[in-house]
Amino acid sequence: MTGFYGEHSKVWVSVDCIIFGFDNDKLKLLIGRRQMDPGRGEWSLYGGFVQSDESLQDAANRVLHNLTGLRRLYMKQVGAFGDIDRDPGERVISVAYCALINVKDYDEKLMEEYGAQWVPIDDLPQLYSDHNIMVKKAISLLRRRIGTEPLSFNLLPSLFTLTQLQHVYEAILGGDIDKRNFRKRIKQMDFIEKTDLIDKTMSKRGAYLYRFNKRMYQEESSFKL
């Protein structure tokens, strides 16, 4: 380390991870009880301080991997939060990241180890510091992007029904969608492929399973540019 900037006050930099999942037709958030002071025992997002040899993105990826055991997750920066009194312990600036995961991919052993819980976004408790504000901004980000990016597929298994896909959209947008118009729009998207497989868990007749073709989506996106 050099001796530069010694005349300036120092602040801590952290990352907080807003991890969304989809289960039982509801958008859910992964939270847990805070394990350190200040705020020990309060409901909180999961996060950590940025190390001297890490970028912000590296720190967020580390926190996500340690918590979920998963890599290559969908993740977007939500914003920086730096109110002077946001953390009663020290002067801490936090950069929040939003991640989307398939709940079924989450290792239950890790969930138990960290005391993590999936809570519907409509039933969120009061979270530590400004974490509720972070969550609201993350949901707004998802609502802005869901019409232009394939966000929903990160919350679903690799094979899904159109009903499941519609429910993901409704959970993120916070309202009902007209079924006929939704399916008409979806069937115009070549990167959502219908398979020959049928899901009969919900009815005897069953419903066709679909999958997201990432390669085709990327090709179409490149062509539009």
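Described in the following lines is the structure provided in the data block. (Residues numbered from 1 in each chain as written. Predicted model: local features only at pLDDT ≥ 70, side-chain atom pairs only at ≥ 80, totals over all residues. Heavy atoms only, no water.)

**Let's talk about the overall build of the chain**
Convention followed: Helix numbers and strand numbers start at the N terminus; a helix is a DSSP run of H or I with at least 4 residues, a strand a run of E with at least 2. Using a 1.4 Å probe on the protein chains alone, a residue whose accessible area is under 20% of its type maximum counts as buried, one over 50% counts as exposed, and one in between counts as partly exposed. Contacts between residues were defined by any pair of non-hydrogen atoms, one from each residue, lying within 4.5 Å. Only the protein chains shown count as cover for residues, and the accessible areas themselves come from Shrake-Rupley with a 1.4 Å probe. Residues scored as charged are limited to Lys and Arg (positive) and Asp and Glu (negative), so that His and the chain ends carry no count. Each charge is placed at NZ for Lys, CZ for Arg, CG for Asp and CD for Glu.
From N to C terminus, the chain includes six helices and nine strands. Projected onto its principal axes, the C-alpha positions of the chain cover 70 × 40 × 30 Å. Every one of the 225 residues in the chain was classed for burial, and the buried ones make up 42%. Considering only residue pairs separated by 6 or more positions, the chain has 64% of its internal contacts joining residues 24 or more positions apart. Summed over its atoms, the accessible surface of the chain is roughly 14100 Å², and 48% of this surface lies on carbon and sulfur atoms. On the chain, the mean spot of the 33 positive side-chain charges and the mean spot of the 31 negative ones are 7 Å from each other.

**Re the nonpolar core**
Put simply, the rule reads: Side-chain atoms within 4.5 Å link the members of a nonpolar core, which is a set of buried Ala, Val, Leu, Ile, Met, Phe, Trp, Tyr and Cys residues.
Ranked by internal contacts, the top residues of the largest apolar core, which has 42 residues, are Ile18, Phe20, Leu29, Leu165 and Ile192. Only strand S1 (12-23), strand S2 (26-33), strand S5 (74-81), strand S6 (92-100), helix H3 (131-145), helix H4 (162-173) and helix H5 (179-186) provide two or more residues apiece to this core. Beyond its immediate sequence surroundings of up to four residues, Ile18 is in contact with Leu29, Leu45, Val78, Ala96, Tyr97, Cys98, Ala99, Met134, Val135 and Ala138. Counting 21 residues, the second-largest nonpolar core is a separate cluster that includes Ala60, Leu64, Tyr97 and Leu110.

**So, helix H1 (residues 56-68)**
The criterion, for reference: Any helix carries an expected span of 1.5 Å times its number of residues minus one. Within this analysis, the arc is defined by the directions that extend from the helix axis to the C-beta atoms.
Helix length check: H1 (13 residues) gives 18 Å between terminal C-alpha atoms against 18 Å at 1.5 Å per residue, within 8%. Buried within H1 are the following residues: Ala59, Ala60, Val63, Leu64, Leu67 and Thr68. Buried residues along H1 cover an arc of 140 degrees about the axis, so they all sit on one side. Where H1 is buried, its residues contact S1, S2, strand S4 (46-49), S5, S6 and helix H2 (108-114). Gly69, located one to two residues past H1, shows a positive phi value of around 75 degrees.

**Observations concerning the pattern of salt bridges**
Formally: Salt bridge criterion: a side-chain nitrogen from Lys or Arg within 4 Å of a carboxyl oxygen from Asp or Glu.
Counted under the stated rule, the structure contains seven salt bridges. Residue Arg62 is joined to Glu54 by a salt bridge in which the shortest nitrogen-to-oxygen separation is 2.5 Å. For Arg62, a relative accessible area of 27% corresponds to the partly exposed category. Across the pair Arg211 and Glu193 runs a salt bridge whose closest N-O atoms are separated by 3.2 Å. One end of the pair, Arg211, is in strand S9 (residues 207-212); the other, Glu193, is in strand S8 (residues 192-199), and 18 residues separate them in sequence. Of the residues examined, Glu193 reaches a relative accessible area of 22% and is grouped as partly exposed. Counted as one network, the salt bridges with shared partners bring together Asp23, Lys28 and Lys104.

**Remarks on the packing of H4 against H5**
Put simply, the test is: In this analysis an axis means a line fitted to C-alpha atoms, helices contributing only their contacting stretch, and an angle means the value between N-to-C directions, from 0 to 180 degrees. An angle below 35 degrees is treated as roughly parallel, one above 145 as roughly antiparallel, one from 65 to 115 as roughly perpendicular, and anything else as oblique. Each residue receives one of three labels: charged for Asp, Glu, Lys and Arg, nonpolar for Ala, Val, Leu, Ile, Met, Phe, Trp, Tyr, Cys and Pro, and polar for the others, Gly being one of them.
Across the interface, H4 lies against H5 with an axial gap of 11 Å and an inter-helix angle of 105 degrees. Taken together, the axes of H4 and H5 are roughly perpendicular relative to one another. For the pair H4 and H5, the contacting residues are Leu162, Thr163, Leu165, Gln166 and Tyr169 in the first and Lys179, Phe182, Arg183 and Ile186 in the second. Of the residues belonging to the contact of H4 with H5, the class tally is five nonpolar, two polar and two charged.

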